[in-house]
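# A structural walkthrough
Chain by chain, the residues run as shown.
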Amino acid sequence: MRKILMIGVFLLAVCITIGAVSADDGFSFNWSSSDSSNSDGGQISFDNGKLKIQDVELNIPDGYKENESAQKLAEKAEDLEDAKFSLCSFLNGDKEIVTKVFFSDEVDFNKLTPTDDSSVEKTIAGIDGLYFKDKYGDGTPTFEFLKDGKIVEVNAPDDDTIEEVIK
């Protein structure tokens, strides 16, 4: 009788362990500060100041910390048909860097054109794109450029920070 009770306890422990591993989606030993992906094609990782968002690599300057609560992963883009976007935000006191990458399984983005007086064509860090002096009405500049069929958008406190992020 005692052996049957011990076997029952052992089997219960095994079942609990398997259930916990299944709920946790397996084991992951990733030492980066964050790493996210989903089945809709979204990918974000951030490690040692290097952000990889939708396979586009960007640099986040020292002093900025990831704002994980603002992260968006492969969400439907309102302004672009058949497109999704991923977003990351980084804070340094009252300064914020917001990076977005728009992508689509249907089309490769291959041209950015100023749509009104709010944007101008500009080159930053050797990269051609569209520059907005105040796209979001908060007094901060935004730079958009094309990379590997995707639209990359960087909003930062100033032009120098944008250049640091994209170089």
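Each chain has its residues counted from 1, following the order in which its sequence is written. With pLDDT at 70 or above as the cut-off, local features in this predicted model cover only qualifying residues; side-chain atom pairs require 80 or more to be listed or tallied, and sums for whole chains, interfaces and linings still use all residues. Each side-chain value is derived from all of the structure's non-hydrogen atoms; neither hydrogens nor water enter the calculation.

## Digging into the pairing of strand 12 (residues 150–155)
Think of it in three bands: with a 1.4 Å probe and only protein chains considered, a residue is buried below 20% of the maximum accessible area for its type, exposed above 50%, and partly exposed in between. Helix and strand definitions here come from DSSP, where helices need a minimum of 4 consecutive H or I residues and strands a minimum of 2 consecutive E residues; each element is numbered from the N-terminal end. By the criterion of burial, strand 12 is predominantly enclosed, with six of the six residues buried. With burial as the criterion, each face of strand 12 is covered, one bearing K150, V152 and V154 and the other bearing I151, E153 and N155. Only strands joined by at least two bridges in the DSSP assignment are considered to pair. Examined bridge by bridge, strand 11 (residues 142–147) and strand 12 share six bridges and lie antiparallel to one another. Note on strand 12: the bridge partner recorded for L146 is I151.

## Considering the layout of surface pockets
If you add up the space inside the largest pocket, you get close to 300 Å³. With a 1 Å grid laid over protein atoms only, a set of points is called a cavity when a 1.4 Å probe fits there but cannot get out and a pocket when it is open yet has protein on both sides within 12 Å along at least five of seven lines; lining residues have an atom within 4 Å of a point. In terms of lining, the largest pocket is formed by 13 residues, of which the most central are D79, L80, F102, K135 and E153. Those elements that place two or more of their residues in the lining of the largest pocket are strand 8 (95–103) and strand 12. Grid points are joined across faces, edges and corners, and a volume is the space filled by probe spheres set on the points.

## What to know about helix 2 (residues 159–166)
Helical geometry note: an α-helix holds 3.6 residues per turn, so side chains three or four residues apart project in the same direction. Of the residues making up helix 2, those classed as buried are T161, I162, V165 and I166. Each buried residue of helix 2 lies within a common arc of 125° when the element is viewed along its axis, so the set occupies one face. By definition, residues are in contact when any of their heavy atoms lie within 4.5 Å. In the core, the buried residues of helix 2 are packed alongside strand 4 (56–59), strand 8, strand 9 (119–124), strand 10 (127–132), strand 11 and strand 12. Each C-beta atom gives one direction from the helix axis, and the arc is the one those directions make.

## Quick word on the side chain of S104
For S104, the position within the fold is in the loop between strand 8 and strand 9. Relative accessible area serves as the criterion here: at 13%, S104 is assigned to the buried category. By the criterion applied in these results, polar contacts are pairs of N or O atoms within 3.5 Å in which, for protein atoms, one can donate a hydrogen and the other can accept it, and in which residues neighboring in sequence qualify only through two side-chain atoms. A polar side-chain atom of S104 sits 2.9 Å from the main-chain amide nitrogen of E106. A polar contact is formed between the side chain of S104 and the backbone nitrogen of V107, at a distance of 3.3 Å. Apart from residues lying up to four places away in sequence, S104 is in contact with D82, A83 and F109.

## Some words on the nonpolar core
If you look at the biggest cluster of nonpolar residues, it comprises 23 residues, and the most contacted ones within it are L51, L58, F90 and I166. Within the residue set of this core, elements represented by two or more residues are strand 2 (43–47), strand 3 (50–53), strand 4, strand 7 (84–92), strand 8, strand 11, strand 12 and helix 2. When near neighbours in sequence (up to four residues on either side) are disregarded, F90 contacts F46, L51, I60, Y64, K65, E66, N67, K95, E96, I97 and T99. Of all hydrophobic cores here, the second largest spans eleven residues; its members include A83, V98, F109 and L112. Side-chain atoms within 4.5 Å link the members of a nonpolar core, which is a set of buried Ala, Val, Leu, Ile, Met, Phe, Trp, Tyr and Cys residues.

## Let's talk about the packing of aromatic side chains
Only the six-membered ring of Trp is used, alongside the rings of Phe and Tyr, when aromatic pairs are assigned; centres must lie within 6.5 Å, and planes under 30 degrees apart are stacked while those over 60 apart are edge-to-face, with the rest tilted. Per the stated rule, a full pass over the model turns up three aromatic pairs. Ring geometry for F46 versus F90: centroids 4.9 Å apart, planes at 55°, classification tilted. Of this pair, F46 sits in strand 2 while F90 sits in strand 7, and the two are 44 residues apart along the sequence. Looking at F90, the relative accessible area reads 0%, which means it is buried. Residues F85 and F102 carry aromatic rings whose centres are separated by 5.7 Å and whose planes lie at 35° to one another, so their mutual orientation is tilted. In this pair, F85 is assigned in strand 7 and F102 in strand 8, connecting sequence segments 17 residues apart. Here F85 matches F102 in class, with each residue buried. Distance and angle both matter: a charge sits over a ring if NZ of Lys or CZ of Arg is within 6 Å of the ring centre and within 35 degrees of the ring normal. Sitting over the face of the ring of F132, K135 holds its NZ or CZ atom 4.7 Å from the ring centroid.

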